[in-house]
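Structural overview
The residues making up each chain are set out below.
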Amino acid sequence: MKKTTRGLIAGLAIIMAGATARAADGTFSGAYVGLEFGYGSVEFNGAKDNDKKSFGGIAGYRHQFENDFVLGGEFALANVSYDSWGGYDHSTVDFKHSWAGSALIGYAFGAEYENLLYGKIGYNRIRFDVTSDGNDGAPANVTTRESDGGMRYGVGYERKFSDMFSIRVGADYSKHKGYYKQFEGKAAFILTF
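Report follows, based on the coordinates.

What counts and what doesn't
Residues numbered from 1 in each chain as written. Predicted model: local features only at pLDDT ≥ 70, side-chain atom pairs only at ≥ 80, totals over all residues. Heavy atoms only, no water. 1 Å grid on protein atoms, 1.4 Å probe; cavity = no way out; pocket = protein on both sides within 12 Å on 5 of 7 lines; lining within 4 Å. Points joined across faces, edges and corners; volume = space filled by probe spheres on them. Helix = DSSP H or I, 4+ residues; strand = E, 2+ residues; numbered from the N terminus. Nonpolar A, V, L, I, M, F, W, Y, C, P; charged D, E, K, R; others polar. Salt bridge = Lys/Arg side-chain N within 4 Å of Asp/Glu carboxyl O. Buried < 20%, exposed > 50% of the residue type's maximum accessible area, 1.4 Å probe, protein only.

Points about empty space enclosed by the protein
- One pass over the full model with this rule turns up 4 cavities of 30 Å³ or more.
- By volume, the largest cavity amounts to about 120 Å³.
- For the largest cavity, the lining is made up of 21 residues, of which Ser54, Ala78, Ser98, Arg152 and Lys186 are closest to its centre.
- Secondary structure elements with two or more residues in the lining of the largest cavity: strand 1 (30-44), strand 2 (47-64), strand 3 (69-81), strand 5 (91-109), strand 6 (115-132) and strand 9 (180-192).
- Of all the elements, strand 2 adds the most residues to the lining of the largest cavity, at 5 residues.
- Its residues assigned to classes, the lining of the largest cavity comprises 9 nonpolar, 7 polar and 5 charged.

Take a look at the structure:
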């Protein structure tokens, strides 16, 4: 898992380095980084929590074509905060962090093409600790680190306020192997290079 994550980060860094060497052709062309905040709900093994919070960073590259369609790729890493809760029978789940890689497609519009509607699809992976309470025959207070991956879908709107600065709002939905689902509203502050 660590090798996969390092490989994705290294690949994205290479893409961004090459992308910043080229001149941006459109309002939403170029490499970008940002800070992202999220709030929503999570369902885990039948138990639901409506107080999901996340904070993290995003990085990616996109290109706006002459027909004003925008294509790109994005990597996100977030610290996930939930109250510990009983997501498994006879145990407590404590979520840690997640990462995601997504492909984006959008359309730029407005007098100066400062608005972007987009959709995305990708892969999301989350890490969590499971602590047994001992009622299922397992030793009490034994914690194991686990992770789970699945598809992520999202939609959103982004507004450019200058050549470099924009604000994004959107929503993501993730479903992992049938027993983990999350819905999250998000906001991000983005700098384009």
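Here the narrative resumes.
Some words on the pattern of salt bridges
- Tallying each qualifying case throughout the model produces 10 salt bridges.
- Measuring nitrogen to oxygen at the nearest pair gives 2.8 Å for the salt bridge that ties Glu158 to Arg62. Residue Glu158 is found in strand 7 (residues 143-160), and its partner Arg62 is found in strand 2; the two are separated by 96 residues along the sequence.
- Linking Asp172 and Lys186 is a salt bridge whose minimum nitrogen-to-oxygen distance equals 3.0 Å. Here the residue Asp172 occupies a position in strand 8 (residues 165-176), and Lys186 occupies one in strand 9, the gap between them amounting to 14 residues.
- In this structure Asp172 comes out as buried when scored by relative accessible area, which is 3%.

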